[in-house]
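Overview (structure and organization)
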Amino acid sequence: MSRIILLVVLFFHFQSSAQELQFNIVTTDIENYWTAYDKVVAEQDSAERIRLIHEYYLDKGTDGLSALVEVRRYQDFELVSNMLLYPNYWNSIRGNTDLLVKDI
């Protein structure tokens, strides 16, 4: 009987603790990515594209983006190259990322 009481007490303790958790979802990296994307794909000069990816995306990035770039060892020229090589992919996901930003 005491085990059942203990389980019930633990259940309600963890249940109330779980309700106190709060999450902060930041979408600025998504918004900044699309701003940079539009500017990069419109630009013809490769050096200017690198500058744009820094100005509008990397330099404005959150700590999470900075950590991701560091861990995955992304290079600015790779990001630009992926934007230019896969326009169909980027265009196919853009609407969903816009909805995500609006929903949060």
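Residues numbered from 1 in each chain as written. Predicted model: local features only at pLDDT ≥ 70, side-chain atom pairs only at ≥ 80, totals over all residues. Heavy atoms only, no water.

A look at the nonpolar core
What tends to happen in soluble globular proteins is that the nonpolar side chains get buried as a cluster. Just so we agree on the cut-off: By convention a nonpolar core is built from buried Ala, Val, Leu, Ile, Met, Phe, Trp, Tyr and Cys residues, the set being connected through side-chain atoms within 4.5 Å. Per-residue accessibility, obtained with a 1.4 Å probe over protein chains only, is compared with the maximum for each type, and a residue is labelled buried under 20%, exposed over 50%, and partly exposed between these values. Helix and strand definitions here come from DSSP, where helices need a minimum of 4 consecutive H or I residues and strands a minimum of 2 consecutive E residues; each element is numbered from the N-terminal end. Contacts are residue-level and defined by heavy atoms, with any inter-residue pair within 4.5 Å sufficient.
Formed by 16 residues in total, the largest nonpolar core has its most connected members in Y33, A36, Y37, I53, Y57, L58 and M83. Among the secondary structure elements, those contributing two or more residues to this core are α2 (28-42), α3 (46-58), α4 (63-72) and α5 (76-85). Other than its neighbours up to four places away in sequence, A36 contacts L52, I53, Y56, Y57 and M83.

Comments concerning the confidence of the model for the protein
Segments scoring low in pLDDT should not have their predicted coordinates read at a detailed level. Note the following rule: The pLDDT value tells you how sure the predictor is about a given residue, anywhere from 0 up to 100.
The predicted model of the protein has a mean per-residue pLDDT of 85, with 76% of residues at 70 or higher. Averaged pLDDT values for the elements of the protein fall to 55 in helix α1 (residues 2-19) and rise to 98 in α3.

Regarding the packing of α2 against α5
Two quantities define a packed helix pair, namely the angle between the axes and the distance from one axis to the other. Basically, it comes down to this: Convention adopted: a line fitted to C-alpha atoms gives each axis, helices being fitted over their contacting stretch, and angles between N-to-C directions are expressed from 0 to 180 degrees. Put simply, angles under 35 degrees are roughly parallel, angles over 145 are roughly antiparallel, angles from 65 to 115 are roughly perpendicular, and the rest are oblique. Residue type decides the class: Asp, Glu, Lys and Arg count as charged, Ala, Val, Leu, Ile, Met, Phe, Trp, Tyr, Cys and Pro as nonpolar, and the leftover types, Gly among them, as polar.
At their nearest, the axes of α2 and α5 sit 10 Å apart, and the two run at 70 degrees to each other. It follows that α2 is roughly perpendicular to α5 by the angle criterion. Residues Y33, A36, Y37, V40 and V41 of α2 touch α5, and the partners they reach there are V80, M83 and L84. Across the contact of α2 with α5, the residue classes tally to eight nonpolar, no polar and no charged.

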